[in-house]
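Understanding the architecture of this molecule
Residue strings, one per chain:
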Amino acid sequence: MEVLLQRVTQAAVDVAGERIASIGPGLLVFVGVLPSDTREDAQRLADRALDLRIFADAAKPMNRSVVDVGGEVLVVSQFTLAADTRRGRRPSFDSAAPPELAKQRVAEFAARIRERLGAVAEGRFGADMQVSLVNDGPVTFLLS
């Protein structure tokens, strides 16, 4: 599982011109699923995302988690994170999980966020999503 986190001041997802999800300050989380990923992987990475100390406090620029600061989380499935770009000019997606498995793992990831944070905003799996964001920093991390 590949998880790309961006600290944002705001983020939103639109599908077919309709706003389906939006958040204020917090994390925009893109999730790419591999065939070998398990439910435990989804929960472990959700916990890491929530616990990663990447928000400022009075002492340090990166000392608090999204939970600590009361931030929001927007989860967006992104199969392109599983792309193999080592050869040629066209990415291969053979290493991405099949859609049924990917949908299940992204749902498990989001459920763990919801369980710990109380709420989570979500994109729509498989949809042509337009994601907008205002990156805070920029601060971006890749978890795997």
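Here the structure is a predicted model, which means the values were calculated and not measured.

**Examining the nonpolar core**
In terms of nonpolar packing, the biggest core is built from 27 residues, with Met1, Val3, Leu27, Val29, Val31, Val73 and Phe109 touching the most fellow members. For this core, the secondary structure elements donating two or more residues are β1 (2–15), β3 (26–32), α1 (39–51), β4 (72–77), α2 (99–117) and β6 (129–143). Residue contacts for valine 31: discarding those within four places in its chain leaves Met1, Glu2, Val75, Val76, Ser77, Gln78, Leu81, Val106 and Phe109. If you look at the next biggest cluster of nonpolar residues, it comprises twelve residues, including Ala11, Leu28, Val76 and Ala121.

**A word on the side chain of arginine 7**
Along the chain, arginine 7 falls in strand β1. Assessed through its relative accessible area of 10%, arginine 7 is described here as buried. From its side chain, arginine 7 meets the backbone oxygen of isoleucine 54 in a polar contact 2.5 Å long.

Thresholds, definitions, all that
- Residues numbered from 1 in each chain as written.
- Predicted model: local features only at pLDDT ≥ 70, side-chain atom pairs only at ≥ 80, totals over all residues.
- Heavy atoms only, no water.
- Core = buried A, V, L, I, M, F, W, Y, C linked by side-chain atoms within 4.5 Å.
- Buried < 20%, exposed > 50% of the residue type's maximum accessible area, 1.4 Å probe, protein only.
- Helix = DSSP H or I, 4+ residues; strand = E, 2+ residues; numbered from the N terminus.
- Contact = heavy atoms within 4.5 Å.
- Polar contact = N/O pair within 3.5 Å; in protein donor to acceptor, adjacent residues only side chain to side chain.

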